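# Residue-level structure breakdown
Each chain, letter by letter, is given below.
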Amino acid sequence: KYETGYRKKLSDVKFEVDRTLKTVKLKWNYPEKEVEKFILYRAKKGAALTIVKTFPSKVNEFTDATLNIGNIYEYRLKPVYNNGAEGIISDAIIVEY
């Protein structure tokens, strides 16, 4: 099999802040084939990104309920393919909570 080394960036990510339920809901769409999983990263403003969770490819949303009011969070997603190749990490999704 020929490996191009190029993977499309995950760029279709939407978020919704619910201060009543104290959550941030992320939804993404990534139409590429042969994706094994998605890795979600999060950081508070000024801190390093850390892995929050890894999702199977059929999952396309996440609700974060481990937030503190008055913080700014950065989320990023990265697809990983069945053959182990990784897609380009998404641009920062900045959420003011």
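Higher on the page you've got the structure.
Here's a quick rundown of the structure.

The rules behind these values
- Residues numbered from 1 in each chain as written.
- Predicted model: local features only at pLDDT ≥ 70, side-chain atom pairs only at ≥ 80, totals over all residues.
- Heavy atoms only, no water.
- Helix = DSSP H or I, 4+ residues; strand = E, 2+ residues; numbered from the N terminus.
- Buried < 20%, exposed > 50% of the residue type's maximum accessible area, 1.4 Å probe, protein only.
- Contact = heavy atoms within 4.5 Å.
- Pairing = 2+ DSSP bridges.
- Axes fitted to C-alpha atoms, helices over the stretch in contact; angles between N-to-C directions.
- Salt bridge = Lys/Arg side-chain N within 4 Å of Asp/Glu carboxyl O.
- Polar contact = N/O pair within 3.5 Å; in protein donor to acceptor, adjacent residues only side chain to side chain.

The subject of this paragraph is the overall build of the protein chain. Each helix and strand counted, the protein chain has zero helices and seven strands in total. For the protein chain, the α and β elements follow one another from N to C terminus as β-β-β-β-β-β-β. Taken along the three principal axes of its C-alpha coordinates, the protein chain extends 50 × 25 × 20 Å. Evaluated residue by residue, the protein chain yields a buried proportion of 33% over its 97 residues. Expressed as a percentage of contacts within the protein chain between residues at least 6 apart in sequence, the contacts between residues at least 24 apart total 56%.

With antiparallel pairing, three strands are arranged side by side in an open sheet as β1-β2-β5. Edge positions in the sheet fall to β1 (12-18) and β5 (61-64), since each has one partner strand and no second. Adjacent strand axes in the sheet meet at a mean angle of 15° when their direction is disregarded. As defined by bridge partners, β1 adjoins strand β2 (residues 23-29) across seven bridges and the pair is classed as antiparallel. When the sheet's bridge partners are listed, Lys14 is paired in β2 with Lys27.

In this structure the tally under the stated criterion is seven salt bridges. When the shortest N-O distance is used, the salt bridge between Glu86 and Lys78 registers 2.9 Å. In this structure Glu86 comes out as partly exposed when scored by relative accessible area, which is 46%. Via salt bridges that share partners, Lys25, Lys27 and Glu61 belong to a single interconnected network.

A few words now on the sheet that holds strand β6 (residues 72-81). By definition, the strands of a sheet pair up through backbone hydrogen bonds, in either a parallel or an antiparallel sense. Pairing is antiparallel in the open sheet, where four strands are placed in the order β4-β3-β6-β7. Unpaired on one side and paired on the other, β4 (50-56) and β7 (93-96) mark the two borders of the sheet. Each adjacent strand pair in this sheet contributes to an overall mean axis angle of 25°, direction not counted. Bridge analysis of strand β3 (residues 35-44) against β4 gives six bridges, and the strand direction is antiparallel. Within the sheet, the bridge partner assigned to Ile39 lies in β4 and is Thr54.

This brings us to the side chain of Asp64. Assignment of secondary structure puts Asp64 in strand β5. You can call Asp64 buried: its relative accessible area is 2%. A distance of 2.8 Å separates the side chain of Asp64 from the side chain of Thr66, its partner in a polar contact. The contact partners of Asp64, leaving out residues within four places of it in the chain, are Lys22, Thr23, Val24, Arg42 and Tyr75.

Below, the discussion takes up the environment of Leu40. Residue placement: Leu40 occurs in strand β3. With 35 residues separating them in the primary sequence, Leu40 and Tyr75 have C-alpha atoms 7.1 Å apart. Discounting residues that sit within four places of it in the chain, Leu40 has contacts with Leu26, Thr50, Ile51, Val52, Lys53, Phe55, Phe62, Tyr75, Arg76 and Leu77.

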